[in-house]
Amino acid sequence: QGRLVESGGGSVQPGDSLRLSCVGAGFPFSGAAFSWYHQAPGKERKHVATIYSTPTLTEYSDSAKGRFTISRNNRENTVYLQMTNLKPEDTGVYYCHRMNYATWGQGTQVTVSS
């Protein structure tokens with residue numbers, strides 16, 4: 001089971017950056033794989049990035065590749081999503097998910113507008 005808590009969202013202008021965090025608790029963090037998802041208002045939740053544990057490989061959606069970087073710090077039980085060159089279409093709620101488990105965070109809101 002366990003739980004995930006996202007943070008780091010906010011309201012920014014196009015071209016700005018944000019760093020999202022996802023803190024896990026209640027499960028063996030280091031062996032888990034995680035994904036970030038984005039849900040725009042009124043739309044389906046879509047995959048953004050994934051980070052595995054052994055080895056620590058990463059995957060990105062086409063829209064995220066080149067702009068976003070997923071990383072992890074197992075000592076801190078934290079997964080990060082560094083978001084750069086943000087665009088208005090990046091607006092929405094970002095969720096952290098523990099792969100293969102029904103474990104999701106509550107989400108953190110990102111708003112990109114001028």
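Scroll up to find the structure.
So, here is what we can say about the structure in this document.

## With respect to the sheet that holds strand 1 (residues 3-7)
Piece 1. Read across the open sheet, the four strands follow the order 1-3-8-7; overall the sheet is antiparallel. Pairing within the sheet leaves two strands with one partner each, and these edge strands are strand 1 and strand 7 (68-73). Going from strand to strand, the sheet's axes swing by 15° on average, the running direction of each strand aside.

## Points about the nonpolar core
Piece 1. Among the nonpolar cores identified, the biggest contains 24 residues, and Phe 34, Trp 36, Val 48, Phe 68, Val 79, Leu 81 and Tyr 94 are the most heavily contacted of them.
Piece 2. Among the elements of the structure, strand 3 (18-25), strand 4 (34-39), strand 5 (45-51), strand 7, strand 8 (78-83), strand 9 (92-98) and strand 11 (108-112) are those that each provide at least two residues to this core.

## Some details on the pattern of salt bridges
Piece 1. On inspection of all chains with the given rule, the structure shows one salt bridge.
Piece 2. With a closest N to O distance of 2.8 Å, Asp 90 and Arg 67 form a salt bridge. Highlighted residues: Asp 90 in the loop between strand 8 and strand 9 and Arg 67 in the loop between strand 6 (58-60) and strand 7, separated in sequence by 23 residues.
Piece 3. Judged by relative accessible area, which is 8%, Arg 67 ranks as buried.

## A closer look at the side chain of Thr 91
Piece 1. Secondary-structure assignment places Thr 91 in the loop between strand 8 and strand 9.
Piece 2. At 2.9 Å, the side chain of Thr 91 forms a polar contact with the backbone oxygen of Pro 88.
Piece 3. The contacts of Thr 91, once residues within four sequence positions are left out, are His 38, Ala 40, Pro 41, Gln 109, Val 110, Thr 111 and Val 112.

## Observations regarding the layout of surface pockets
Piece 1. Empty space within the largest pocket amounts to approximately 310 Å³.
Piece 2. In terms of lining, the largest pocket is formed by 15 residues, of which the most central are His 38, Lys 46, Ser 63, Glu 89 and Asp 90.
Piece 3. Looking at the lining of the largest pocket, the element that brings in the most residues is strand 5, giving three residues.
Piece 4. Grouping the amino acids of the lining of the largest pocket by side-chain chemistry returns four nonpolar, four polar and seven charged.

## Section: the state of the cysteines
Piece 1. Applying the stated criterion across every chain, the model contains one disulfide.
Piece 2. Here Cys 22 connects covalently by a disulfide to Cys 96, the sulfurs 2.1 Å from one another. What sets the handedness of the Cys 22 and Cys 96 disulfide is the S-S torsion sign, and at about -80° it is left-handed. Residue Cys 22 is found in strand 3, and its partner Cys 96 is found in strand 9; the two are separated by 74 residues along the sequence. Each member of the pair, Cys 22 as well as Cys 96, is classed as buried.

## A short note on the packing of aromatic side chains
Piece 1. Inspection of the entire model under this criterion finds four aromatic pairs.
Piece 2. Members of the aromatic cluster, joined through ring pairs, are Phe 27, Phe 29 and Phe 34.
Piece 3. A cation over a ring is seen here: Arg 45 above Trp 104, with NZ or CZ 4.7 Å from the ring centre.
Piece 4. The cationic tip of Arg 98 hangs over the ring face of Tyr 101; the distance from NZ or CZ to the ring centre is 3.7 Å.

Rules used throughout
- Residues numbered from 1 in each chain as written.
- Predicted model: local features only at pLDDT ≥ 70, side-chain atom pairs only at ≥ 80, totals over all residues.
- Heavy atoms only, no water.
- Pairing = 2+ DSSP bridges.
- Helix = DSSP H or I, 4+ residues; strand = E, 2+ residues; numbered from the N terminus.
- Axes fitted to C-alpha atoms, helices over the stretch in contact; angles between N-to-C directions.
- Core = buried A, V, L, I, M, F, W, Y, C linked by side-chain atoms within 4.5 Å.
- Buried < 20%, exposed > 50% of the residue type's maximum accessible area, 1.4 Å probe, protein only.
- Salt bridge = Lys/Arg side-chain N within 4 Å of Asp/Glu carboxyl O.
- Polar contact = N/O pair within 3.5 Å; in protein donor to acceptor, adjacent residues only side chain to side chain.
- Contact = heavy atoms within 4.5 Å.
- 1 Å grid on protein atoms, 1.4 Å probe; cavity = no way out; pocket = protein on both sides within 12 Å on 5 of 7 lines; lining within 4 Å.
- Points joined across faces, edges and corners; volume = space filled by probe spheres on them.
- Nonpolar A, V, L, I, M, F, W, Y, C, P; charged D, E, K, R; others polar.
- Disulfide = S-S within 2.5 Å.
- Phe/Tyr/Trp six-rings, centres within 6.5 Å; stacked < 30°, edge-to-face > 60°.
- Lys NZ or Arg CZ within 6 Å of the ring centre and 35° of its normal.

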